[in-house]
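The lines below spell out each chain.
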Amino acid sequence: MMEEHEGRPEMKREKQRRKGWAKPRRSFWWGVGLLALLVVIVVMWWKPWQSDRVMLTADAAAQSVLDQYPGEIVNSTLKDGTYIMQLRSETGLYDVQVDAVTATVNSIKRLESNPQAEEKTLWSREQIKTELLKQTDAELVSLELVEQQGIPVYLAVFKMKDNTREQWTIDPYTGEKQSSKMLESSSPDPTTGEGTKTSFLSEKEAEQKALARIPGEVDDIELRGTNSGNPYYLVEIDLEDGREAIVQVNAISGAIRSVTWDNDED
């Protein structure tokens, strides 16, 4: 019995000692947790990883959009690093979202359409050809529908009587010529120093080159790459077994650059 009485005070003291240690430990860990939370809040507010990202002004971002999509910026707001703009063009009103740092257009969505623009109908290649024959007696080498700054236009290449090549930009809704330029450019011959001219194959010549590789019936042919200095013809050929091949022919040398099929498995 005496031993039990003597042990109890020691047990009480041990418990009190443990409780005394537990309180500062809890306070310590609470302090560490609060400090960590404070650091996270400061880092998220400061965002040091974005310190070197300089945002464009609203005018600079708007000009970047107008360089790609002609029209008028009627409203612009900055939200979370993105400029949200409204662009009014000939075809309607668009919502455009632009990265405020890189000026990259992240999305573009039409909000309203222009009824007058909706009434316009693109002319077919045959309609454009017919109209062009009324405007000139030069040989039409190629006719291609492309987009320039978001607006569709036809590019027609003519072989003139003096064997030069001329490219016309045609309104796809009216068939009217908007502009023209010469495609031939003089470049000095490294051996003689005299200027030489580059001439393109005609559509018929390109067709012959393509058919020599893939026999069949030519469905369509287009001249591309004239502005990049690497012109080529795309010749679509229908085969008797129902397949379609697209042959890429170098418009200067006549070399076959590639052959692709309408079915990748083929």
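Refer to the structure presented above.
Residues numbered from 1 in each chain as written. Predicted model: local features only at pLDDT ≥ 70, side-chain atom pairs only at ≥ 80, totals over all residues. Heavy atoms only, no water.

Visitor: Whenever I open this one, the pattern of salt bridges confuses me. Can you help?
Guide: Close approach of charged atoms allows side chains with opposite charge to pair. Within the structure shown, the criterion is met by three salt bridges. A salt bridge links Glu222 to Arg224; the shortest N-O distance between them is 3.2 Å. Note on Arg224: relative accessible area 31%, which makes it partly exposed. A salt bridge links Arg243 to Asp241; the nearest nitrogen and oxygen atoms lie 2.9 Å apart. Using a relative accessible area of 28% as the deciding quantity, one classes Arg243 as partly exposed. By relative accessible area, which is 52% here, Asp241 ends up exposed. (Salt bridge = Lys/Arg side-chain N within 4 Å of Asp/Glu carboxyl O. Buried < 20%, exposed > 50% of the residue type's maximum accessible area, 1.4 Å probe, protein only.)

Visitor: What am I meant to see in the sheet that holds strand β14 (residues 256-261) here?
Guide: Note: strands within a sheet are paired through backbone hydrogen bonds, in either parallel or antiparallel orientation. Strand order in this open sheet of four strands is β11-β12-β13-β14, and the pairing throughout is antiparallel. Looking at strand neighbours, the two that pair on one side only are β11 (217-224) and β14, the edges of this open sheet. For this sheet the average axis-to-axis angle between neighbouring strands, irrespective of direction, equals 20°. Sheet analysis places strand β13 (residues 244-250) next to β14, joined by five bridges and oriented antiparallel. Following the sheet pairing, Val249 is matched in β14 by Ile256. Contacts from helix α5 (residues 203-213) reach β11, β12 (232-238), β13 and β14, with the element oriented near 55° to β12. (Pairing = 2+ DSSP bridges. Helix = DSSP H or I, 4+ residues; strand = E, 2+ residues; numbered from the N terminus. Axes fitted to C-alpha atoms, helices over the stretch in contact; angles between N-to-C directions. Contact = heavy atoms within 4.5 Å.)

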